[in-house]
Amino acid sequence: NAGVTQTPKFQVLKTGQSMTLQCAQDMNHEYMSWYRQDPGMGLRLIHYSVGAGITDQGEVPNGYNVSRSTTEDFPLRLLSAAPSQTSVYFCASGTDSYEQYFGPGTRLTVT
Amino acid sequence: EDQVTQSPEALRLQEGESSSLNCSYTVSGLRGLFWYRQDPGKGPEFLFTLYSAGEEKEKERLKATLTKKESFLHITAPKPEDSATYLCAVRMTGTYKYIFGTGTRLKVLA
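The present account deals with the structure reproduced in this document. Source: prediction; values computed, not measured.

## With respect to the packing of aromatic side chains
Then, in step 1: One pass over the full model with this rule turns up 13 aromatic pairs over all chains.
Then, in step 2: An angle of 70 degrees between the planes, with centres 5.9 Å apart, marks the rings of Tyr 36 of chain B and Phe 46 of chain B as edge-to-face. Taken together, the residues span a long stretch of sequence, with Tyr 36 of chain B in strand E4 (residues 30-38) and Phe 46 of chain B in strand E5 (residues 45-50) at a distance of ten residues.
Then, in step 3: When its relative accessible area of 0% is taken as the criterion, Tyr 36 of chain B is described as buried.
Then, in step 4: Consider the rings of Tyr 36 of chain B and Phe 100 of chain B, whose centres lie 5.8 Å apart with planes at 40 degrees: the pair is tilted. In this pair, Tyr 36 of chain B is assigned in strand E4 and Phe 100 of chain B in strand E10 (residues 98-100), connecting sequence segments 64 residues apart.
Then, in step 5: Through a chain of ring-to-ring contacts, three or more aromatic side chains come together here, namely Tyr 35, Tyr 101 and Phe 102 of chain A together with Tyr 36, Phe 46 and Phe 100 of chain B.

## Digging into the pairing of E5 of chain B
All names here are of chain B.
Then, in step 1: Burial runs high along E5: five of the six residues are buried.
Then, in step 2: Relative to E5, E4 is paired through five bridges, and the arrangement is antiparallel. Bridge assignment links Trp 35 to a residue of E5, and that residue is Phe 48.
Then, in step 3: What sits between the antiparallel neighbours E4 and E5 is a turn of six residues, in which Gly 41 has the positive phi angle 75 degrees.

About the thresholds
- Residues numbered from 1 in each chain as written.
- Chains lettered and ligands numbered in written order.
- Predicted model: local features only at pLDDT ≥ 70, side-chain atom pairs only at ≥ 80, totals over all residues.
- Heavy atoms only, no water.
- Phe/Tyr/Trp six-rings, centres within 6.5 Å; stacked < 30°, edge-to-face > 60°.
- Helix = DSSP H or I, 4+ residues; strand = E, 2+ residues; numbered from the N terminus.
- Buried < 20%, exposed > 50% of the residue type's maximum accessible area, 1.4 Å probe, protein only.
- Pairing = 2+ DSSP bridges.

Okay, here's the thing in structure tokens:
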């Protein structure tokens, strides 16, 4: 099992550009989520999904879109990047007993 | 307001010097409390889930305990390879959302 994979590992964007962060899992988990991690702020939930076709907002959803067309994939789209979105982004998938397994992260810089 | 607070922010221990990390939480209802380990530049790694007060879980030198207001991660005779940031998170009843604390950075010196 590869677990949770994320691409790219690093990305630099200019303000106003859009991009998609990819996330895939091979553990057949229904629950998937996206977090951002900023110094001193801890992990904050952006969006989550409880199954294919079902998504909902987390704590900090503004500026981000998600979709879940398959159990395996949960991409995160930045619509118009802003410097405030400079962060490390983690995708996770979760089991029925609520524990989450995280990917290696994407380090995003917006200039 | 639901919140999770971890203390201390940072902790330096000598190898073999046991200690505890604290995670206090204020939530309307607890579905589960989770401990993760995070190494620099990596994603969090799952350690433990605790579901109810009085529950304990152990793994090697780590032991997690839970009360109605807080959880402790006890580290017995730590080694340098235990150096990492330890994160605590909660999932509340009636929601699919998780709240994370800001973590405790642990450094174990040889």
